[in-house]
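Breakdown of the fold
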Amino acid sequence: MTARTIRLAVIGGDGIGPEVVAEAIKVIRAAAINVAVETISYDLGSQRWHRTGEILPDSVLAEIAGQDAILFGAVGDPSVPSALLERGLVLRLRFELDQYVNLRPVRLYPGVASPSSGLRPEAVDILVVREGTEGPYVEAGGVLRKGTPQEVAIQQSMNTAFGVSRVARYALQRAASRPGKKLTLVHKANVLAYAGDLWCRTVAAEAAAFTDVTADYCHMDAASIYLVTQPERFDVIVTDNLFGDILTALGAVVAGGIGLAASASINPERTAPSLFEPVHGSAPDLAGQHKADPTAAILSAAMLCEHIGLAGAAARIEQAVAEDLVERQGAWAARSTPQIGDDIAERVAG
Ligand code: IPM
Ligand code: MN
């Protein structure tokens, strides 16, 4: 008996994107018992752009906005000018669908080696709540006298009380539901005085309503030291868009590599679908060889299931990945992309 139908917009994108997304879908289907999973694939990325000049047509955006969730692979290719697909597709989706929470767990699974020696898995269980729609990622600023020795480039960071308070509230809610009950704001308030001050005051004001959560502050440079040397200092981190981008790339490496790092761009009010994607990029040099590790995409699929109310499926996927990671002992390259997907799907189906 099928109790429910979920409709997923699938954007495989470029390079290894379609390969890892295929495995994520395979695993969702195995995990979502009594759920009909309908997928609608959207041809977006470098090939579409080369063929038609289109990046994300309005009509496609409107259709995607009507689905339950978005599964995203990766975009980017050396043949496409820098920032074109990043801004026109990835960021446009985040901005237009108001995915203001960029959620990135940093977890060291048992059996996974961290380049930061001596770290125990228990020490690395962090949830980074990165702001997704403001900061230096808004296109504010401009260029003067381009291409001349007098060129001026201004790239402004936009921080609003509204934007900071809503992401702080989300982070506080997540912190309140975790055993650690701690929220650390990461910023650079000692130098970026205007934005830093807004973030500090706003997070403190929101934190006042969460009496069981300890609110803490750490400068961005110190946070990148502690993330490597003393990750147990952190439970939930809330931070600005660019700091969060950098910190989660570092976090991915600390937790065993970019091939394992999952992420979600969440619209908490559900006024539009949320998007789930591996942190890694399109890796064009690996494309088409079945060499990519689909684990990050599969863990992102677990986040997708959790978000759309399939908590059991999410837990089954995470458990299956955890078991697979113990068994592989770092030797993922021994299996092809579909083989890893098959093995995890098989464990999920039990
Ligand atoms: C990421 C990526 C994106 C970002 C780019 C592709 C826009 O680096 O998801 O981390 O900076 O957020
Ligand atoms: Mn990034």
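Scroll up to find the structure.
Notes on the structure in this doc start here. (Residues numbered from 1 in each chain as written. Chains lettered and ligands numbered in written order. Predicted model: local features only at pLDDT ≥ 70, side-chain atom pairs only at ≥ 80, totals over all residues. Heavy atoms only, no water.)

Focus on the packing of aromatic side chains
The tally for this structure, following the rule as stated, stands at zero aromatic pairs. Over the face of the ring belonging to Tyr 100 we find Arg 166, whose NZ or CZ atom lies 3.8 Å from the ring centre. Its end group placed over the ring of Tyr 226, Arg 233 keeps NZ or CZ at 3.6 Å from the ring centre. (Phe/Tyr/Trp six-rings, centres within 6.5 Å; stacked < 30°, edge-to-face > 60°. Lys NZ or Arg CZ within 6 Å of the ring centre and 35° of its normal.)

Topic: the site of ligand 1
Around ligand 1, the neighbouring residues are Glu 86, Leu 91, Arg 94, Arg 104, Arg 130, Tyr 137 and Asp 245. Between ligand 1 and Arg 94, the relevant distance is 2.7 Å, taken from an oxygen atom to a side-chain nitrogen or oxygen of the residue. Tyr 137 is positioned with one of its side-chain polar atoms (N or O) 2.6 Å from an oxygen atom of ligand 1. Against a free-state accessible area of 320 Å², the protein chains account for coverage of 76% of ligand 1. Per-element tally for the shell around ligand 1: the top contributor is helix α4 (residues 84–96), with three residues. In terms of residue class, the shell around ligand 1 is made up of two nonpolar, no polar and five charged. (Near = heavy atom within 4 Å. Polar contact = N/O pair within 3.5 Å; in protein donor to acceptor, adjacent residues only side chain to side chain. Areas by Shrake-Rupley, 256 points an atom, 1.4 Å probe, with all protein chains shown as cover. Helix = DSSP H or I, 4+ residues; strand = E, 2+ residues; numbered from the N terminus. Nonpolar A, V, L, I, M, F, W, Y, C, P; charged D, E, K, R; others polar.)

Here we look at the side chain of Asn 159
If you trace the backbone, Asn 159 turns up in the loop between β7 (152–155) and α5 (161–176). At 3.1 Å, the side chain of Asn 159 forms a polar contact with the side chain of Ser 157. A polar contact is formed between the side chain of Asn 159 and the side chain of Trp 199, at a distance of 2.9 Å. When sequence neighbours within four positions are dropped, the list of residues in contact with Asn 159 reads Glu 134, Gly 135, Ala 195, Leu 198, Trp 199 and Asp 240. (Contact = heavy atoms within 4.5 Å.)

Re unusual backbone geometry
Even without being a glycine, Asn 34 presents a positive backbone phi close to 60 degrees. Position of Asn 34 among the secondary structure elements: in the loop between α1 (17–31) and β2 (35–41). Accessibility expressed as a relative area gives 40% for Asn 34, which makes it partly exposed. A positive phi is found at Asp 98, a non-glycine position, where the angle reads about 50 degrees. (Buried < 20%, exposed > 50% of the residue type's maximum accessible area, 1.4 Å probe, protein only.)

Points about the sheet that holds strand β8 (residues 182–187)
Overall, mixed pairing links the ten strands, which are arranged β2-β1-β3-β12-β11-β4-β5-β10-β8-β9 in an open sheet. Of all the strands in the sheet, just β2 and β9 (214–219) have a single pairing partner and so form its edges. Ignoring which end each strand starts from, the neighbouring axes of this sheet average 25 degrees apart. Direction of pairing for β8 relative to strand β10 (residues 236–239): parallel, over a ladder of four bridges. Within β10, the position partnered with Thr 184 by the bridge is Ile 237. The strands touched by helix α9 (residues 295–307) within the sheet are β1 (4–13), β3 (69–74), β4 (101–107), β11 (262–266) and β12 (274–278), with β12 carrying the most contacts at an inclination of about 160 degrees. (Pairing = 2+ DSSP bridges. Axes fitted to C-alpha atoms, helices over the stretch in contact; angles between N-to-C directions.)

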